[in-house]
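For reference, the chains in residue letters:
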Amino acid sequence: VQLQACGGGLVQAGESLRLSCTASGDSLSSAVVGWFRQAPGKEREYVAAIQWSNARTDYADSIKGRFTISRERVRRTVYLQMNSLKVEDTAVYYCAAVAEGDYNNCIREDEYDYWGQGTLVTVSS
């Protein structure tokens, strides 16, 4: 599976942004696709995950209620809609996939086999 992430940019606090992650290659039927982020000087952290087959989702507490993960089957794309952005959301955002997984048990980096290249989100005050 190859992943291509895009959609990052510079926004002001309180604004919204939508990231996209498009997958190519093998089937996603049993896959979990997740988003992680890495802020400057910090370790990469889990953001959200979605089960491709049934669209069930899981979120990190830090973004719950502000971010929404979704998927579009035909486009083989997973989205991360980010609303009410905060300065502390500034990070490089990565999408990742594991061929077979459980959406509510895929919060560690080492559970994912495939990674996109990252897209930078900068939130200014």
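Treat the numbers as computed from the prediction; the structure is a model and nothing was measured.

## Description of the nonpolar core
- Counting 40 residues, the largest nonpolar core has Trp-35, Leu-80, Met-82, Tyr-93 and Tyr-112 as its most contacted members.
- Broken down by secondary-structure element, the contributors of at least two residues to this core are strand 1 (2–6), strand 3 (17–24), strand 4 (32–38), strand 5 (45–51), strand 7 (67–72), strand 8 (77–82), strand 9 (91–98) and strand 11 (119–124).
- Ranked by the residues each element gives to this core, the list is headed by strand 9, at 6 residues.

## Some words on the state of the cysteines
- Counting across every chain of the model gives 1 disulfide.
- At a sulfur-sulfur separation of 2.2 Å, the disulfide partner of Cys-21 is Cys-95. Residues Cys-21 and Cys-95 are joined through a disulfide that is right-handed, its torsion about the S-S bond being 70°. One end of the pair, Cys-21, is in strand 3; the other, Cys-95, is in strand 9, and 74 residues separate them in sequence. For the pair shown, Cys-21 and Cys-95 are each scored as buried.
- The cysteine Cys-6 is free of any disulfide, with Cys-21 supplying the nearest cysteine sulfur at 8.8 Å.
- According to the relative accessible area criterion, Cys-6 is partly exposed, its value standing at 40%.

About the thresholds
- Residues numbered from 1 in each chain as written.
- Predicted model: local features only at pLDDT ≥ 70, side-chain atom pairs only at ≥ 80, totals over all residues.
- Heavy atoms only, no water.
- Core = buried A, V, L, I, M, F, W, Y, C linked by side-chain atoms within 4.5 Å.
- Buried < 20%, exposed > 50% of the residue type's maximum accessible area, 1.4 Å probe, protein only.
- Helix = DSSP H or I, 4+ residues; strand = E, 2+ residues; numbered from the N terminus.
- Disulfide = S-S within 2.5 Å.

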